[in-house]
Amino acid sequence: AQSVTQLGSHVSVSEGALVLLRCNYSSSVPPYLFWYVQYPNQGLQLLLKYTTGATLVKGINGFEAEFKKSETSFHLTKPSAHMSDAAEYFCAVRYSGGYQKVTFGTGTKLQVIP
Amino acid sequence: EAQVTQNPRYLITVTGKKLTVTCSQNMNHEYMSWYRQDPGLGLRQIYYSMNVEVTDKGDVPEGYKVSRKEKRNFPLILESPSPNQTSLYFCASTPTGGPGEQYFGPGTRLTVT
């Protein structure tokens, strides 16, 4: 069964510091990979997605993620954290098959310290 | 504006009182789904629908029902709510033909006492 692991349920960074949120998936078969962000009292919003091709994917709000097949990872980064980045972030994976075959990680809450 | 709407946003009810959470999307998406979000568990799929009149169970369907009579609407029904269904619920829709990114509604926070 496919699985997604997000290391660290809570991450704290200082404003202006590098943001690194980790995501590992369970299979060597290239999947579709997604990062979503959830701001307080809101639904999830797509940050970025990996399908095929370039392994470095750029998303909204200055975030990017790199697909590393050898490490089965899809870590999310941002060079400089802003206060507005405080939110919960979810990694999700879908393998070939129906659209119902999407598995979400358990989420990482990002705190940005002024 | 392209969006997924859910109603109500907040609901407090008592055990056993039937309720319906509505979900509607205006993007003509064929695929829709319902999730519940609980602390430490992430999102778990309750039911999904591939198209009108085509629905199937997700990972945690017990205690829930759905229907899909129109393409745009996908209501979630709790026939006899119990306290363990206290949760945050999200409806989502997906455009077919792509990688499967989902568009989420704003969520419904349900409390069953």
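See above for the structure.
Residues numbered from 1 in each chain as written. Chains lettered and ligands numbered in written order. Predicted model: local features only at pLDDT ≥ 70, side-chain atom pairs only at ≥ 80, totals over all residues. Heavy atoms only, no water.

1. Observations regarding the pattern of salt bridges
Residue and element names in this part refer to chain B. The criterion, for reference: Salt bridge, as applied in this entry: a Lys or Arg side-chain nitrogen positioned within 4 Å of an Asp or Glu carboxyl oxygen. Burial classes: relative accessible area under 20% of the type maximum marks a residue as buried, over 50% as exposed, and values in between as partly exposed (1.4 Å probe, protein chains only).
Going through the model one piece at a time under the given rule, you end up with six salt bridges over all chains. Across the pair Asp38 and Arg36 runs a salt bridge, and its minimum N-O distance is 2.8 Å. Note on Asp38: relative accessible area 12%, which makes it buried. Measuring nitrogen to oxygen at the nearest pair gives 2.8 Å for the salt bridge that ties Arg44 to Asp38.

2. Notes on the sheet that holds strand E1 (residues 4-7) of chain B
Residues and elements named next belong to chain B. Quick note on the threshold: A strand pair is defined by DSSP finding two or more bridges across the two strands. Helix and strand definitions here come from DSSP, where helices need a minimum of 4 consecutive H or I residues and strands a minimum of 2 consecutive E residues; each element is numbered from the N-terminal end.
One open sheet accounts for four strands, arranged E1-E3-E8-E7; its pairing is antiparallel. Both edges of this open sheet fall to E1 and strand E7 (65-66), since each of them pairs with a single strand only. Taken together, the two bridges between E7 and strand E8 (residues 76-78) define a ladder with antiparallel strand orientation. Among the inter-strand pairings, Lys65 is bridged to a residue of E8, identified as Ile77.

3. Quick notes on the sheet that holds strand E1 (residues 4-7) of chain A
Residues and elements named next belong to chain A. The criterion, for reference: Helix axes are fitted only over the stretch in contact, all axes being lines through C-alpha atoms; the angle between N-to-C directions runs from 0 to 180 degrees.
The five strands lie next to each other as E1-E3-E8-E7-E6, forming an open sheet whose pairing is antiparallel. Of all the strands in the sheet, just E1 and strand E6 (56-58) have a single pairing partner and so form its edges. Adjacent strand axes in the sheet meet at a mean angle of 20°, parallel and antiparallel pairs treated alike.

4. Some points on the layout of surface pockets
Cut-off, in case you're wondering: With a 1 Å grid laid over protein atoms only, a set of points is called a cavity when a 1.4 Å probe fits there but cannot get out and a pocket when it is open yet has protein on both sides within 12 Å along at least five of seven lines; lining residues have an atom within 4 Å of a point. Grid points are joined across faces, edges and corners, and a volume is the space filled by probe spheres set on the points. Charged residues are taken to be Asp, Glu, Lys and Arg, nonpolar residues to be Ala, Val, Leu, Ile, Met, Phe, Trp, Tyr, Cys and Pro, and polar residues to be all remaining types, Gly included.
What the largest pocket holds in volume is close to 620 Å³. In terms of lining residues, the largest pocket is bounded by 31 residues, among which A:Gln38, A:Glu88, A:Lys109, B:Gln37 and B:Arg109 are the most central. Contributions of two or more residues to the lining of the largest pocket are made by strand E9 (87-94) and strand E11 (108-113) of chain A together with strand E4 (31-38), strand E9 (87-94) and strand E11 (108-112) of chain B. Residue composition of the lining of the largest pocket, grouped by class: eleven nonpolar, 15 polar and five charged. Here the second largest pocket defines a volume of roughly 290 Å³. Every residue lining the second largest pocket is counted, 16 residues in all, and those nearest its centre are A:Leu44, B:Gln3, B:Val4, B:Phe104 and B:Gly105. Those elements that place two or more of their residues in the lining of the second largest pocket are strand E5 (44-50) of chain A together with strand E10 (103-104) of chain B. Among the elements that make up the lining of the second largest pocket, the one with the highest residue count is E5(A) (three residues).

5. Some words on the interface of chain A and chain B
Where interface size is quoted, it is often the accessible area lost as the parts come together. Threshold: Residue contacts follow a heavy-atom distance rule, with two residues in contact if any of their heavy atoms lie within 4.5 Å. Two parts placed together each lose some accessible area under a 1.4 Å probe, and adding up what both lose gives the buried area.
Counting from both sides, the interface comprises 20 residues of chain A and, opposite them, 26 residues of chain B. In this assembly, chain A packs against chain B so that about 1,700 Å² is buried in total across both faces, 57% of it on carbon and sulfur atoms. At the boundary of chain A and chain B, one finds one salt bridge. Salt-bridge contacts for B:Glu101 lead to A:Lys49; the nearest nitrogen and oxygen are separated by 3.1 Å. Looking at the side of chain A that touches chain B, the elements with two or more residues in it are strand E4 (32-38), E5, E9 and strand E10 (102-104) of chain A. When residues of the side of chain A that touches chain B are assigned to their parent elements, the largest contribution, four residues, is made by E4(A). Here the side of chain A that touches chain B is built from residues that sort into nine nonpolar, eight polar and three charged.

6. Side note on the environment of B:Thr15
Residue and element names in this part refer to chain B. Operational definition: Identification of polar contacts relies on pairs of N or O atoms within 3.5 Å, with a donor-acceptor requirement for protein atoms, meaning one able to donate a hydrogen and the other able to accept it, and with residues adjacent in sequence counted only if both atoms are side-chain atoms.
Within the secondary structure, Thr15 sits in the loop between strand E2 (10-13) and strand E3 (19-25). On the basis of relative accessibility, which here comes to 46%, the residue Thr15 falls in the partly exposed class. C-alpha of Thr15 to C-alpha of Asn28: the two residues are 13 residues apart in sequence and 35 Å apart in space. With residues near it in sequence (within four places) discarded, Thr15 still touches Pro81, Ser82, Pro83, Val112 and Thr113. Within the structure, the side chain of Thr15 is placed 2.7 Å from the backbone oxygen of Thr113, a separation counted as a polar contact.

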